[in-house]
Amino acid sequence: SESAGGTESRKFYFTAPFQLSGRYNVAVQASAEQLQNGWIYVGGDLVNEETGRFESFDIPVEYYSGVDGGERWSEGRRSKSVYLAAPPPGRYVMRFEVQWEGGKRPAPVRIRVREGVFRLPHFFLALLALIVVPIILAIRQASWESRRWKDSAHSPWVQVESDDDE
């Protein structure tokens, strides 16, 4: 960060300007690997220097652990990410506001910004949509065909009739 300011449990940071191509999403990851039984909040803005357009985001990071009845437990994660839709091309800066629990010493936070990050959940959602639609269409077609041939003596659908007289 180039500059910082703020109160005792809150600091503000600004990055040096950087260029974005505008064709890809932007991932912002906050990691606090030394965080233990506490939280850190990272709020930020991605600001286009030329237009003043900005997109805000929040990254709450919390991690708690301990021993209860002889068993170890943990809750939360020391690293979280947010994804921003592809911003228009141009020069950008990021403003970060980092907050932590008052009276505690803050854990070091590493913030990583990347452009063009592959999102596996989106791939699986698209794949699911591609699979579900043909299955629904096949079921509808089979249902229509069975209704169409229902009363025909030459039905391609197997019809078993039983004769109880014999």
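This one's a predicted model, so the numbers in the text were calculated from it and none came from an experiment.

1. Some details on the overall build of the chain
Here is step 1 of the chain: When you go through the chain residue by residue, the secondary structure sums to one helix and 10 strands.
Here is step 2 of the chain: Its helices and strands in sequence order give the chain the pattern β-β-β-β-β-β-β-β-β-β-α, from N to C terminus.
Here is step 3 of the chain: The buried share among the 166 residues of the chain stands at 25%.
Here is step 4 of the chain: Put simply, of all contacts in the chain between residues at least 6 apart along the chain, 71% involve residues at least 24 apart.
Here is step 5 of the chain: Of the accessible surface of the chain, which amounts to about 11900 Å², a share of 53% is contributed by carbon and sulfur atoms.

2. Side note on the side chain of Gln 99
Here is step 1 of the chain: Within the secondary structure, Gln 99 is located in strand E9 (residues 90-100).
Here is step 2 of the chain: Gln 99 gets classed as buried once you look at its relative accessible area, which sits at 18%.
Here is step 3 of the chain: Side-chain polar atoms of Gln 99 contact the side chain of Glu 97, separated by 2.5 Å.
Here is step 4 of the chain: Contacts of Gln 99, omitting those with residues within four sequence positions, involve Ser 9, Arg 10, Trp 39, Ile 40 and Tyr 41.

3. Brief notes about the sheet that holds strand E8 (residues 79-84)
Here is step 1 of the chain: With respect to topology, three strands assemble into an open sheet ordered E8-E4-E10, the strand pairing being antiparallel. Edge positions in the open sheet fall to E8 and strand E10 (110-115), since each of these has one partner strand only. Strand-to-strand twist across the sheet, computed as the mean angle between neighbouring axes with direction ignored, equals 15°.
Here is step 2 of the chain: In this structure, strand E4 (residues 26-31) lies alongside E10, joined through six bridges in antiparallel fashion. When the sheet's bridge partners are listed, Val 28 is paired in E10 with Val 113.

4. Some words on the packing of aromatic side chains
Here is step 1 of the chain: Summed over the entire model, instances satisfying the criterion amount to one aromatic pair.
Here is step 2 of the chain: Between Phe 57 and Phe 96, the aromatic rings sit 6.2 Å apart at their centres with planes inclined by 70°, giving edge-to-face as the arrangement. Of this pair, Phe 57 sits in strand E6 (residues 54-68) while Phe 96 sits in strand E9, and the two are 39 residues apart along the sequence.
Here is step 3 of the chain: One residue, Arg 78, lies across the ring of Tyr 63, its end atom 3.8 Å from the ring centre.

5. Topic: the nonpolar core
Here is step 1 of the chain: Counting residues in each nonpolar core, the largest one holds 21 residues, and the members touching the most others are Val 28, Leu 35, Ile 40, Val 42, Phe 57 and Ile 59.
Here is step 2 of the chain: Put simply, the parts of the chain that give this core at least two residues each are E4, strand E5 (38-48), E6, E8 and E9.
Here is step 3 of the chain: Looking at this core element by element, the count peaks at five residues for E9.
Here is step 4 of the chain: When residues no more than four places from it in sequence are discounted, the contact partners of Ile 40 are Ala 32, Leu 35, Ile 59, Pro 60, Val 61, Val 98, Gln 99, Trp 100, Ala 107 and Val 109.

6. Describing a nonpolar patch on the surface
Here is step 1 of the chain: Residues Phe 118, Leu 120, Phe 123, Phe 124, Leu 127, Ile 131, Ile 135 and Ile 139 make up a contiguous nonpolar surface patch of roughly 800 Å² in combined accessible area.
Here is step 2 of the chain: Along the chain, Phe 118 falls in the loop between E10 and helix H1 (120-148).

7. Digging into the pattern of salt bridges
Here is step 1 of the chain: Following the criterion strictly, the structure yields four salt bridges and no others.
Here is step 2 of the chain: A salt bridge links Arg 95 to Asp 45; the nearest nitrogen and oxygen atoms lie 3.0 Å apart. Linking Arg 95 in strand E9 with Asp 45 in strand E5, this pair joins segments that are 50 residues apart in sequence.
Here is step 3 of the chain: Accessibility expressed as a relative area gives 11% for Asp 45, which makes it buried.

8. Considerations on the pairing of E9
Here is step 1 of the chain: Counting buried residues in E9 gives nine out of 11 residues, a clear majority hidden from the surface.
Here is step 2 of the chain: Bridge count for strand E2 (residues 10-14) against E9 is five bridges, and the pairing is antiparallel. If you follow Arg 10 over to E9, its bridge partner there is Gln 99.
Here is step 3 of the chain: In this sheet, E9 lies alongside strand E3 (residues 18-20) in antiparallel orientation, the contact comprising three bridges. Bridging from a neighbouring strand, Phe 18 pairs with Tyr 92 of E9.
Here is step 4 of the chain: With nine bridges connecting them, E5 and E9 associate as antiparallel partners. Bridge assignment links Tyr 41 to a residue of E9, and that residue is Gln 99.

Rules used throughout
Residues numbered from 1 in each chain as written. Predicted model: local features only at pLDDT ≥ 70, side-chain atom pairs only at ≥ 80, totals over all residues. Heavy atoms only, no water. Helix = DSSP H or I, 4+ residues; strand = E, 2+ residues; numbered from the N terminus. Buried < 20%, exposed > 50% of the residue type's maximum accessible area, 1.4 Å probe, protein only. Contact = heavy atoms within 4.5 Å. Areas by Shrake-Rupley, 256 points an atom, 1.4 Å probe, with all protein chains shown as cover. Polar contact = N/O pair within 3.5 Å; in protein donor to acceptor, adjacent residues only side chain to side chain. Pairing = 2+ DSSP bridges. Axes fitted to C-alpha atoms, helices over the stretch in contact; angles between N-to-C directions. Phe/Tyr/Trp six-rings, centres within 6.5 Å; stacked < 30°, edge-to-face > 60°. Lys NZ or Arg CZ within 6 Å of the ring centre and 35° of its normal. Core = buried A, V, L, I, M, F, W, Y, C linked by side-chain atoms within 4.5 Å. Patch = residues over 30% accessible without salt bridge, like charges linked within 9 Å, V, L, I, M, F, W, Y side chains within 5 Å. Salt bridge = Lys/Arg side-chain N within 4 Å of Asp/Glu carboxyl O.

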